[in-house]
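# Residue-level structural notes
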Amino acid sequence: QVQLVESGGGLVQAGGSLRLSCAASGGTFSNYRMGWFRQAPGSEREFVATISRNGRNTYYADSVKGRFTISRDNAKNTVYLQMNSLKPEDTAVYYCAAERDYTGQYVSQSAYDYWGQGTQVTVSS
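Description of the structure in this document. Source: prediction; values computed, not measured.

A few words on the sheet that holds strand β8 (residues 78–83). In space, the 4 strands of this open sheet follow the order β1-β3-β8-β7, with antiparallel pairing throughout. Looking at the sheet topology across the chains shown, the edges are occupied by β1 (3–7) and β7 (68–73). Adjacent strand axes in the sheet meet at a mean angle of 15°, parallel and antiparallel pairs treated alike. In terms of strand pairing, β7 meets β8 through 6 bridges, oriented antiparallel. If you follow D73 over to β8, its bridge partner there is T78.

Okay, here's the thing in structure tokens:
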């Protein structure tokens, strides 16, 4: 079984930065596409960013494009989400997820097989 543990969340002011980490164990990290999703109170869980197994390809939601950067270090079994120019609208619980097998639907949460417990990000205005 694969375990994912997020960290790095917290309270920041609008315009600030935060870096989230997701540490994976229990599997071969390089075999998994990784993604970040978020869920604000009263809202559906939404796609944020994803990165390919070798780290060469990334894709972002329009709402975060140009502000967030996803990366991975396969030697450390860790995926990151660097968040810059944060806005109050970014306030949410952020989840990392792992796709075991290729689906071609990597912006959909249904493509991912393993999920972390989430980390809270709060952006004050």
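In this structure the tally under the stated criterion is 1 disulfide. A sulfur-sulfur separation of 1.9 Å characterises the disulfide bridge that pairs C22 with C96. Because the torsion about its S-S bond is 45°, the bridge between C22 and C96 counts as right-handed. In this pair, C22 is assigned in strand β3 (residues 18–25) and C96 in strand β9 (residues 92–99), connecting sequence segments 74 residues apart. Classification of C22 as buried rests on a relative accessible area of 0%. Relative accessible area serves as the criterion here: at 0%, C96 is assigned to the buried category.

Criteria and thresholds
Residues numbered from 1 in each chain as written. Predicted model: local features only at pLDDT ≥ 70, side-chain atom pairs only at ≥ 80, totals over all residues. Heavy atoms only, no water. Pairing = 2+ DSSP bridges. Helix = DSSP H or I, 4+ residues; strand = E, 2+ residues; numbered from the N terminus. Axes fitted to C-alpha atoms, helices over the stretch in contact; angles between N-to-C directions. Disulfide = S-S within 2.5 Å. Buried < 20%, exposed > 50% of the residue type's maximum accessible area, 1.4 Å probe, protein only.

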